[in-house]
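Chains, contacts and geometry: an overview
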Amino acid sequence: METDLHALLRSLRVWGPEGTVLASFDPGAAPGDPLALFTVWFAEAVAAGQGEPHTMSLATAGEDGLPDVRTVMLHGADADGWAFATHGGSRKGRQLAARPYAALGFYWPALGRQVRVRGQVTAAPSAESQADLHARSTGALAAALTGRQSEPLGSLDELAHASEAAWEQAQRTPDAPVPTWTLYRVAAEEVEFFQGDARRRHVRLAYRRAEDGGWQRQLLWP
């Protein structure tokens, strides 16, 4: 049976009451630092039962200037930036080497919220990157040890064999180094918080880095 994509799209709702409780947001009471507000919103997303709230879209561009995007996991957020990790030789690693700038997007439909982050990207020292990897699960280490991310794959059997060997190594040597594993940080220059509203009067609050290193805040039209 052929699926009518357009009919299916028209049948869907955004922020249905069965899955969303639109949160309140008073931008006038927001803290002066976007990291503080992000921390509160992230905790509220977890408390609301949002599935995988630590996943985010990562947008980059390569030497050709063309955009690219994928979903990755947030590894932390502090005064140095929003952190994620990948192999330095992966597609996103190569793109970040060519253009060390990225944008992040978080979407938490349980509360009708989005957060956007944009800024320059820096790579952490190798020792810190390895510590980040070894603080994660055995599966994360096995995936990193499998390596060759973004390279052409001959067959699923080839992947299965490489993955099995990597799992055995990860279990046998939980501190095995993966030299290409790199922790990256996005030092935010802009952070926007979006709170959805049932009458489409969405609240958008943007933080922009000022010349003195502080933050300027501004409301945006939805």
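Below is a short write-up of the structure. (Residues numbered from 1 in each chain as written. Predicted model: local features only at pLDDT ≥ 70, side-chain atom pairs only at ≥ 80, totals over all residues. Heavy atoms only, no water.)

1. So, the pairing of strand E7 (residues 181-195)
Put simply, the test is: For the exposure calls, accessible area comes from a 1.4 Å probe over protein chains only, and a residue counts as buried if that area is under 20% of its type's maximum, exposed if over 50%, partly exposed in between. Helix numbers and strand numbers start at the N terminus; a helix is a DSSP run of H or I with at least 4 residues, a strand a run of E with at least 2. Two strands are said to pair when DSSP picks up at least two bridges between them.
Most of E7 is tucked away: 12 of the 15 residues are buried. In this sheet, E7 lies alongside strand E4 (residues 81-87) in antiparallel orientation, the contact comprising 6 bridges. When the bridges of E7 are listed, Trp82 appears paired with Val186. As paired elements, strand E6 (residues 113-123) and E7 share 11 bridges and run antiparallel to each other.

2. Overview of a nonpolar patch on the surface
Defined as follows: Without a salt bridge and with relative accessible area above 30%, a residue can belong to a patch; like charges are then joined within 9 Å and nonpolar side chains (Val, Leu, Ile, Met, Phe, Trp, Tyr) within 5 Å. Per-residue and other accessible areas follow the Shrake-Rupley method at a 1.4 Å probe size, with only the shown protein chains counted as cover for residues. Any Lys or Arg side-chain nitrogen found within 4 Å of a carboxyl oxygen on Asp or Glu counts as a salt bridge.
Residues Leu5, Leu8, Leu9 and Leu12 make up a contiguous nonpolar surface patch of roughly 400 Å² in combined accessible area. Tracing the backbone through its elements, the reader meets Leu8 in helix H1 (residues 5-11).

3. Focus on the packing of aromatic side chains
Inclusion rule: Pairing of aromatic rings covers Phe, Tyr and the six-membered ring of Trp, with a centre-to-centre limit of 6.5 Å; geometry is then stacked below 30 degrees between planes, edge-to-face above 60, and tilted otherwise. Any Lys NZ or Arg CZ found within 6 Å of a ring centre and within 35 degrees of that ring's normal is scored as a charge over the ring.
Going through the model one piece at a time under the given rule, you end up with 12 aromatic pairs. Their ring planes at 25 degrees and their centres at 6.1 Å tell us that Phe38 and Phe42 sit as a pair that is stacked. A residue pair is termed a helical-turn pair when its members lie 3 or 4 positions apart in one helix, as Phe38 and Phe42 do in helix H2 (residues 34-47) at 4 residues. Through a chain of ring-to-ring contacts, the aromatic side chains of Phe25, Trp41, Phe193, Tyr207 and Trp215 assemble into a single cluster. Lying over the aromatic face of Trp41, Arg113 brings its terminal NZ or CZ to 4.0 Å of the ring centre.

4. So, the pattern of salt bridges
Tallied over the full model, the rule gives 9 salt bridges. Glu190 is the partner of Arg118 in a salt bridge, and the nearest nitrogen-oxygen pair spans 2.9 Å. Taken together, the positions of Arg118 in strand E6 and Glu190 in strand E7 put the pair 72 residues apart, joining distant regions of the chain. Taking relative accessible area as the criterion, Glu190 reaches 26% and is therefore assigned partly exposed. The partner of Glu151 in a salt bridge is Arg148, and the shortest N-O contact between them spans 3.1 Å. Classification of Glu151 as partly exposed rests on a relative accessible area of 45%. Taking relative accessible area as the criterion, Arg148 reaches 52% and is therefore assigned exposed. Bridged by salt links that share partners, the residues Asp68, Arg70 and Arg91 form one connected network.

5. As for the nonpolar core
Definition in use: In this text, buried Ala, Val, Leu, Ile, Met, Phe, Trp, Tyr and Cys residues form a nonpolar core when linked through side-chain atoms within 4.5 Å.
Counting residues in hydrophobic clusters, the biggest one holds 29 residues, and the most contacted among them are Trp82, Phe106, Val115 and Val191. Taken together, the elements giving at least two residues each to this core come down to H2, strand E1 (55-61), E4, strand E5 (101-108), E6, E7 and strand E8 (203-209).

6. Overview of the side chain of Glu192
Tracing the chain through its elements places Glu192 in strand E7. Residue classification places Glu192 among the buried residues on the basis of a relative accessible area of 8%.

7. Digging into helix H3 (residues 91-98)
What counts is decided by this rule: Directions pointing from the helix axis toward each C-beta atom define the arc. The contact rule is simple, with two residues in contact once any of their heavy atoms fall within 4.5 Å.
Listing the buried residues of H3 in full gives Lys92, Gly93, Gln95 and Leu96. Along H3, the residues classed as buried sweep out an arc of 165 degrees about the axis, all on the same side. Looking at the buried side of H3, the elements it contacts are E1, strand E2 (67-73), E4, E5, E6 and E7.

8. Digging into the packing of helix H5 (residues 138-146) against helix H6 (residues 156-172)
Applied cut-off: Here, axes are lines fitted to C-alpha atoms. For helices the fit covers the stretch in contact, and angles between N-to-C directions go from 0 to 180 degrees. Roughly parallel means an angle under 35 degrees; roughly antiparallel means over 145; roughly perpendicular covers 65 to 115; every other angle is labelled oblique. Handedness of a helix crossing follows the sense of rotation of the near helix relative to the far helix, less than a right angle counterclockwise being left-handed and clockwise being right-handed. Gly is placed with the polar residues, together with every amino acid not listed as nonpolar (Ala, Val, Leu, Ile, Met, Phe, Trp, Tyr, Cys and Pro) or charged (Asp, Glu, Lys and Arg).
At a minimum axis distance of 8 Å, the contact between H5 and H6 shows a crossing angle of 130 degrees. Here H5 is positioned oblique relative to H6, judged by the angle of their axes. H5 and H6 meet at a crossing whose hand is right-handed. Facing H5, whose interface residues are Thr138, Gly139, Leu141, Ala142, Leu145 and Thr146, H6 presents Leu159, Ala162, Ser163, Ala166, Trp167, Gln169, Ala170 and Gln171. Of the residues in the contact of H5 with H6, the class split is 8 nonpolar, 6 polar and no charged.

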